[in-house]
Amino acid sequence: MIESSSSVTENHPVRTDIATARRIVIKVGSSSLTTLDGGLDEAKLIALTDVIGAHRAAGHEVILVSSGAIAAGLEPMGLYKRPRDLATQQAAAGVGQGLLMAAYTRALGRYDLVPGQVLLSADDLIRRTRYKNAQRAIDKLLALGTLPIVNENDAVATEEIRFGDNDRLAALVAHLSHADALVLLSDVDALYSGPPNLPESVRIEHVSSIADLGDIAIGGTGSAGTGTGGMATKVEAALMVADSGIPAVLTSAEKVSGVLGGEHVGTWFAVTHKRRGTRLLWLRHLARTFGSVTIDKGAESAVLSRGTSLLAAGVTGVTGDFEAGDPIEIRSLDGTVIARGMTNFSAHELPAMFGFSTAELGTRLGNDYRKEVIHRNDLVLTHVSGGR
């Protein structure tokens, strides 16, 4: 169900969950921290930390995922717009990250809050050992009374494996920290049915599933032009956490106080699924796939309806150039992507396995082939809402 701002707000008392949340992740984008010229706007940063400081004083835990490092580094480096090449972005981040943290340290000091910098890469959140290390680091920072401030480690990120924007990072941080809610801030106060500047566009108050968003035009980057995500990635991030048992609110930085107070502002994304494992969350929403396998009707039914592993007996085709352990798509005979999974076999191994049972493969090719193409624990559905 989708509702406009004219809806009766009493229908959704869940908004009070934000006000009572023990632990909350707040993500702020570059456009909410910078001037139109691209430099860091300390007045905006101070306004945000005023709200965070008051929320912390009221007994809540806050994790801040903050963009702005690259933007903060532009002016000192004599750059006047966000660079397109990765090397210059990395250089700007290296300069700007220290300036950004210094600004936060000054602003939070007025509330006797000490910020703790946490720089993460995609590898840190998709590999089990690094994920647990990141989780322990954030938990300890909170236990010691500090305010964790998280950013992607832009200075060393590569094109091949990076979040690309902090909205997706915030969704994964909310997941790993067992947050009770995620608040995504930008320079637009909510998701609208069309461009917010058009009079016919109405605020979307409540999103219950991805199906609610089918006819909505979702915009691009903020007015400052220093961000990378835009509204589309914020919606993706909100849907991602909702798909893992965490509610989300999308609004502007100016209205964060109202959100934390439980007011009916912004757009609320209701929980659509129980908590998922981090690897499955990454696999469904973020993983770069390296190819696909096509499966027959029997295997499709088994995967979709019974939650089984994918066996070679049901595989009819393979595309791409992937190795064992790579994420791949699973397609039905009509080409629809129904699932994603981590394959146990490479693209060149699979054709010789088509149509054979696991036992037959062990006899024909050896014991190393006596296993599933994709185990059910490494497989997530994409074709149906609320899939495992």
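Relevant structure appears above.
These numbers come from a predicted model, not from an experiment.

### Observations concerning the overall build of the protein chain
Per the secondary structure count, the protein chain includes 12 helices and 14 strands. By residue count, 52% of the 388 residues in the protein chain fall in the buried class. Once local pairs closer than 6 in sequence are excluded, the contacts in the protein chain between residues at least 24 apart make up 73%. On the protein chain, roughly 16,400 Å² of surface is accessible, and the fraction owed to carbon and sulfur atoms is 51%.

### Observations concerning the pattern of salt bridges
In the structure shown here, the tally under the stated rule is 11 salt bridges. Asp-167 is paired through a salt bridge with Lys-27; the nearest N and O atoms lie 3.0 Å apart. In this pair, Asp-167 sits in helix α7 (residues 166-176) while Lys-27 sits in strand β2 (residues 23-28), placing the two residues 140 residues apart along the sequence. One salt bridge in this structure joins Glu-329 and Arg-331, with 2.9 Å as the shortest N-O distance. On the accessibility criterion, Glu-329 (15% relative accessible area) is buried. Sharing partners across several salt bridges, the network here consists of Arg-22, Arg-23, Glu-61 and Asp-139.

### Notes on the nonpolar core
Among the nonpolar cores identified, the biggest contains 39 residues, and Val-150, Val-173 and Phe-269 are the most heavily contacted of them. Elements with a minimum of two residues in this core: β3 (61-66), β4 (115-120), α6 (128-143), α7, β6 (181-186), β7 (204-207), α8 (230-242) and β8 (248-252). Leave out the neighbours within four places in its chain, and Val-150 touches Ile-63, Leu-64, Val-65, Ser-66, Val-118, Leu-120, Ile-138, Leu-169 and Val-173. In terms of nonpolar packing, the next biggest core, distinct from the first, is built from 32 residues, Ile-18, Val-62, Leu-64 and Tyr-104 among them.

### Remarks on the side chain of His-55
By the element assignment, His-55 lies in helix α2 (residues 42-57). According to the relative accessible area criterion, His-55 is buried, its value standing at 8%. Excluding anything up to four places from it in sequence, His-55 contacts Ala-19, Ile-24, His-60, Val-62 and Leu-260.

### Things to note about the sheet that holds strand β11 (residues 315-320)
Here we have five strands laid out as an open sheet, ordered β11-β10-β12-β13-β14, and mixed in their pairing. Across the chains shown, the open sheet's two edge strands, defined by having one partner strand only, are β11 and β14 (379-381). Along the sheet, successive strands turn relative to each other by an average axial angle of 25°, direction set aside.

### Some points on helix α11 (residues 297-306)
Listed in full, the buried residues belonging to α11 are Ala-299, Glu-300, Ala-302 and Val-303. One side of α11 carries all its buried residues, which in axial view fall inside an arc of 165°. Within α11, the exposed residues directed more than 90 degrees away from the buried face are Lys-297, Ser-305 and Arg-306. Structurally, α11 contributes buried residues whose contacts are with β10 (291-295), β13 (337-342) and β14. Between a side-chain oxygen at the N-terminus of α11 and the backbone nitrogen of Gly-298 the separation is 3.2 Å; the capping residue is Asp-296. Within two residues after α11, Gly-307 carries a phi angle of roughly 65°, on the positive side.

### Examining the packing of aromatic side chains
Taken as a whole and assessed by the stated rule, the structure comprises one aromatic pair. For the ring pair Phe-345 and Tyr-369, a centre distance of 5.5 Å and an interplane angle of 10° mean the geometry is stacked. With a gap of 24 residues between them, Phe-345 in the loop between β13 and α12 (358-365) and Tyr-369 in the loop between α12 and β14 connect regions that are remote in the sequence. For Phe-345, a relative accessible area of 2% corresponds to the buried category. Over the aromatic face of Phe-345 sits the side chain of Lys-371, whose NZ or CZ is 5.5 Å from the ring centroid.

What counts and what doesn't
Residues numbered from 1 in each chain as written. Predicted model: local features only at pLDDT ≥ 70, side-chain atom pairs only at ≥ 80, totals over all residues. Heavy atoms only, no water. Helix = DSSP H or I, 4+ residues; strand = E, 2+ residues; numbered from the N terminus. Buried < 20%, exposed > 50% of the residue type's maximum accessible area, 1.4 Å probe, protein only. Contact = heavy atoms within 4.5 Å. Areas by Shrake-Rupley, 256 points an atom, 1.4 Å probe, with all protein chains shown as cover. Salt bridge = Lys/Arg side-chain N within 4 Å of Asp/Glu carboxyl O. Core = buried A, V, L, I, M, F, W, Y, C linked by side-chain atoms within 4.5 Å. Pairing = 2+ DSSP bridges. Axes fitted to C-alpha atoms, helices over the stretch in contact; angles between N-to-C directions. Arc of directions from axis to C-beta. Polar contact = N/O pair within 3.5 Å; in protein donor to acceptor, adjacent residues only side chain to side chain. Phe/Tyr/Trp six-rings, centres within 6.5 Å; stacked < 30°, edge-to-face > 60°. Lys NZ or Arg CZ within 6 Å of the ring centre and 35° of its normal.

Fair warning: the whole summary comes from geometry, so function is off the table for now.
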